[in-house]
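# Notes for the structure review
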Protein chains: 2
Amino acid sequence: MVQAPSRRDRARTATTQEIKQTARRILVQDGPGAVSLRAIAREMGMTAPALYRYFDSHEELIKHVIADIFTELTDDLRTAIESASASSGGNLTDKVIAACWEFRRWSLTHKREFGMLFGTPLPGVNVEQDEITADRGGEFGNTFFVLILELWRKHPFPVTADEAIDPGLRQQLERYRDGLGELGTGLPLGLLLIFLRCWTRLYGTLSLEVFGHLGFALDDAGPMFELMLVDTAPLIGVEYPQQR
Amino acid sequence: MVQAPSRRDRARTATTQEIKQTARRILVQDGPGAVSLRAIAREMGMTAPALYRYFDSHEELIKHVIADIFTELTDDLRTAIESASASSGGNLTDKVIAACWEFRRWSLTHKREFGMLFGTPLPGVNVEQDEITADRGGEFGNTFFVLILELWRKHPFPVTADEAIDPGLRQQLERYRDGLGELGTGLPLGLLLIFLRCWTRLYGTLSLEVFGHLGFALDDAGPMFELMLVDTAPLIGVEYPQQR
DNA sequence: AGTTGTTGTTTACGGCATTAACTGCGGTGA
DNA sequence: TCACCGCAGTTAATGCCGTAAACAACAACT
């Protein structure tokens, strides 16, 4: 009969931080499917039911991990943006380009995390109507949004006039703008539209690369990413600096 | 003690078709995570190990299901393309637009299947270096590719000259072209590049919508899809017909 | 009629989430 | 000092999962 580790064998009591970090480690090493309560507990030298002291369920834990990854990514992006700003004297174009490339760099070095945030939702994990993940996800989105907003305020690029937008879409955009709070007040809906289009392209290019769905054609999708930026820059009144 | 159904209780012997159909039904009803051997067997009135007579493993079964979905989608697209061709006197623009909209329609009415094909790979299911899924996936891609190819042959739109393409990318595109067989012989690499760019935008727009990742801004992403088509049409020398 | 191959079943192993009941410990108040 | 309470863990159990091995019923062929 093997004796389970007694209270005295564990140096101290567990914390939610430790649990999430362990979950994270397992995610990176063995993929999203391997992040089980048992695996986490095993790694921490305890048993699975103990984790219920800290999280209501497996799903709850996963959501907190996702939220953590979101803030980590957001912080990473903001750092990269600041650094680009510093080394270019606050040039906005450089900032937004740096943000895009840093997003790609992070995604490729954190594929598992990327899948957790942007891939198909795990079975039994409903991120959509969840408080914390929605908040952190919003923060992430805002990071890109404020860049485009700043860009537009300084060098206004043309956006579709509100009246020229399909009424159904217009209504949705108005709701979206209202949800943005003071960040969105007074903004033309066309600007939100531009933002969504940029995000769509960025997301599509990156998720194809990260998930390996471009493998049928390419090994290294880096040049494709750059092409996407070249294509998309004009949408926000920027010319992508070609270095050739 | 409940008696398991004896051979006589089952009308006839199972077929791989039935198994895959059952798996499919479960996929649609309960999501990808619910497609377990036990669930399939239960639904069919048999026991899980029996399925090993027909498939080497759970993974193998899933791969065949994926392959089936690919061919189904491809057939669906080809039918839509033909029908659009018939009702427009063979107009190429109409065909390619019909293909895109049909792809969206199919994806939204088959979200689970879409996730299976284009989402994050299921744990323990390696579609990448698999024979059958790669083939069927290739067929799917070709469906779009031949449209663009036809379009280019009839009304050549400008493509980046081979020499103007980043050498690293060029090399990959050459390999990709070689892999296309006779379909690709003699084609400018820039054409492949256009195709990949179109696919990236289509995929990004659609997967954001299907996976609900646009929920933070929009409920109905239909207008965004159309905007994407409007944006992308010029890449292949087409003007998207605005009906307003 | 006996043999063989096909198509199932039963049983078993280890892993999973989750629940319920229990235990050892620290600290607190009498 | 001692009884008590609550915290942080345990064990045990339920019912899922994929998979493997042994076994049983049946059909067809010799």
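Below you will find a few notes about this structure. (Residues numbered from 1 in each chain as written. Chains lettered and ligands numbered in written order. Predicted model: local features only at pLDDT ≥ 70, side-chain atom pairs only at ≥ 80, totals over all residues. Heavy atoms only, no water.)

Attention shifts here to the nonpolar core. In this structure, Phe103, Phe118 and Leu173 of chain A together with Phe103, Phe118 and Leu173 of chain B are the most contacted members of the largest nonpolar core, which totals 160 residues. If sequence neighbours within four positions are ignored, Phe118 of chain A has contacts with Phe70, Leu73, Phe103, Phe140, Trp199, Tyr203 and Phe211 of chain A together with His213 of chain B. (Core = buried A, V, L, I, M, F, W, Y, C linked by side-chain atoms within 4.5 Å. Buried < 20%, exposed > 50% of the residue type's maximum accessible area, 1.4 Å probe, protein only. Contact = heavy atoms within 4.5 Å.)

Bringing the relation of the copies chain A and chain B into the picture now. Expressed as a screw transformation, the operator carrying chain A onto chain B has a rotation angle of 180° and an axial translation of 0.0 Å, and the superposed copies differ by an RMSD of 0.0 Å. In short, the pair behaves as if placed about a two-fold rotation axis. Taking C-alpha positions as reference, the residue of chain A nearest the rotation axis is Gly204 of chain A, located at 1.7 Å. Mapped onto chain B, 100% of the interface residues of chain A are again interface residues, and the two copies thus contact each other with one and the same surface. (Least-squares fit on C-alpha atoms with pLDDT ≥ 70 in both.)

Right, let's talk about the environment of Met224 of chain A for a bit. Within the element layout of this structure, Met224 of chain A appears in helix 9 (residues 222-232). Met224 of chain A sits in the buried class, given a relative accessible area of 4%. Placed 18 residues apart in sequence, Met224 of chain A and Leu206 of chain A show a C-alpha to C-alpha distance of 9.6 Å. Setting aside anything within four residues of it in sequence, one finds Met224 of chain A in contact with Thr205 and Leu218 of chain A together with Leu193, Leu196, Arg197 and Thr200 of chain B. (Helix = DSSP H or I, 4+ residues; strand = E, 2+ residues; numbered from the N terminus.)

Around DNA strand C sit 19 residues, and of these Arg38 and Arg42 of chain A together with Thr47, Arg53 and Tyr54 of chain B come closest. Near-protein atoms of DNA strand C (within 4 Å) split between backbone and bases, with sugar and phosphate holding 57%. One of the backbone N or O atoms of His58 of chain A is found 2.8 Å from a phosphate oxygen in DNA strand C. Within the surface near DNA strand C, the residues separate by chemical class into nine nonpolar, five polar and five charged. (Near = heavy atom within 4 Å. Polar contact = N/O pair within 3.5 Å; in protein donor to acceptor, adjacent residues only side chain to side chain. Nonpolar A, V, L, I, M, F, W, Y, C, P; charged D, E, K, R; others polar.)

Residues and elements named next belong to chain A. For the structure shown, the criterion picks out 36 aromatic pairs over all chains. Summarising the aromatic geometry, the rings of Phe103 and Phe114 are spaced 6.3 Å apart at their centres and angled 45° between planes, so their arrangement reads as tilted. On the criterion of sequence distance, the pair formed by Phe103 in helix 4 (residues 92-109) and Phe114 in helix 5 (residues 111-118) is long-range, its members being eleven residues apart. Considering the side-chain rings of Phe145 and Phe195, the 5.1 Å spacing of their centres and the 75° angle between planes classify their relative orientation as edge-to-face. Here Phe145 is found in helix 6 (residues 131-154), whereas its partner Phe195 is found in helix 8 (residues 189-210), with 50 residues between them in sequence. (Phe/Tyr/Trp six-rings, centres within 6.5 Å; stacked < 30°, edge-to-face > 60°.)

Attention shifts here to the pattern of salt bridges. Applying the stated criterion across every chain yields a total of 30 salt bridges over all chains. In this structure, the salt-bridge partner of Arg24 of chain B is Glu113 of chain B, at a minimum N-O distance of 3.0 Å. Of this pair, Arg24 of chain B sits in helix 1 (residues 16-30) while Glu113 of chain B sits in helix 5 (residues 111-118), and the two are 89 residues apart along the sequence. Put simply, Lys95 of chain B and Glu150 of chain B hold a salt bridge, and the shortest N to O gap is 3.6 Å. With Lys95 of chain B in helix 4 (residues 92-109) and Glu150 of chain B in helix 6 (residues 131-154), this pair connects stretches of sequence that are 55 residues apart. Since its relative accessible area comes to 12%, Lys95 of chain B is described here as buried. A relative accessible area of 36% places Glu150 of chain B in the partly exposed class. Ionic contacts of the salt-bridge type, sharing partners, join the residues Arg24, Glu72 and Glu113 of chain A into one network. (Salt bridge = Lys/Arg side-chain N within 4 Å of Asp/Glu carboxyl O.)

On to the side chain of Glu209 of chain B, then. Along the chain, Glu209 of chain B falls in helix 8 (residues 189-210). Excluding its chain neighbours within four sequence positions, the residues that come into contact with Glu209 of chain B are Arg104, Leu108, Ala221 and Gly222 of chain B.

A word on helix 5 of chain A. Residues and elements named next belong to chain A. Taken across its eight residues, helix 5 has six buried, putting it largely inside the fold. Buried residues of helix 5: Glu113, Phe114, Gly115, Met116, Leu117 and Phe118, and no others. Looking at the buried positions of helix 5, the neighbouring elements they touch are helix 1 (16-30), helix 3 (58-86), helix 4, helix 6 and helix 8.

A separate point is helix 2 (residues 37-44) of chain B. Within helix 2 of chain B, burial applies to Leu37, Ala39, Ile40, Ala41 and Met44 of chain B. Immediately beyond the C-terminal end of helix 2 of chain B, within one or two residues, lies Gly45 of chain B, with a positive phi of roughly 75°.

Attention shifts here to the environment of Phe55 of chain B. Residues and elements named next belong to chain B. When you line up the elements, Phe55 lands in the loop between helix 2 and helix 3 (58-86). Measuring from C-alpha to C-alpha, the distance between Phe55 and Trp199 comes to 33 Å, with 144 residues separating the pair along the chain. Excluding anything up to four places from it in sequence, Phe55 contacts Thr16, Ile19, Lys20, Glu60, Leu61 and His64.

Attention shifts here to the protein's contact with DNA strand D. Lining the immediate surroundings of DNA strand D are 22 residues, of which Thr47, Arg53 and Tyr54 of chain A together with Arg38 and Arg42 of chain B lie closest. Counting only the atoms of DNA strand D that lie within 4 Å of the protein, the sugar and phosphate share comes to 60%. Between DNA strand D and Ser36 of chain B there is a distance of 2.9 Å, counted from a phosphate oxygen to a side-chain nitrogen or oxygen. Contact distances for DNA strand D include 2.5 Å between a phosphate oxygen and a side-chain N or O atom of Arg42 of chain B.

Looking now at the interface of chain A and chain B. Chain A puts 40 residues into the contact, and the matching count from chain B is 40 residues. Here chain A packs against chain B, burying approximately 3,700 Å² in sum over the two surfaces, 62% of which is carbon and sulfur. Joining chain A to chain B, the criterion identifies six salt bridges. At the surface where chain A touches chain B, the tally comes to 14 residue pairs in polar contact (both at pLDDT 80 or more). Of all the secondary structure elements, the ones that give two or more residues to the side of chain A that touches chain B are helix 5, helix 7 (167-179), helix 8 and helix 9 of chain A. Looking at which element gives the most residues to the side of chain A that touches chain B, the answer is helix 8 of chain A, with eleven residues. A breakdown of the residues in the side of chain A that touches chain B according to their chemical character gives 20 nonpolar, eleven polar and nine charged. (Buried area = accessible area lost by both parts, 1.4 Å probe.)

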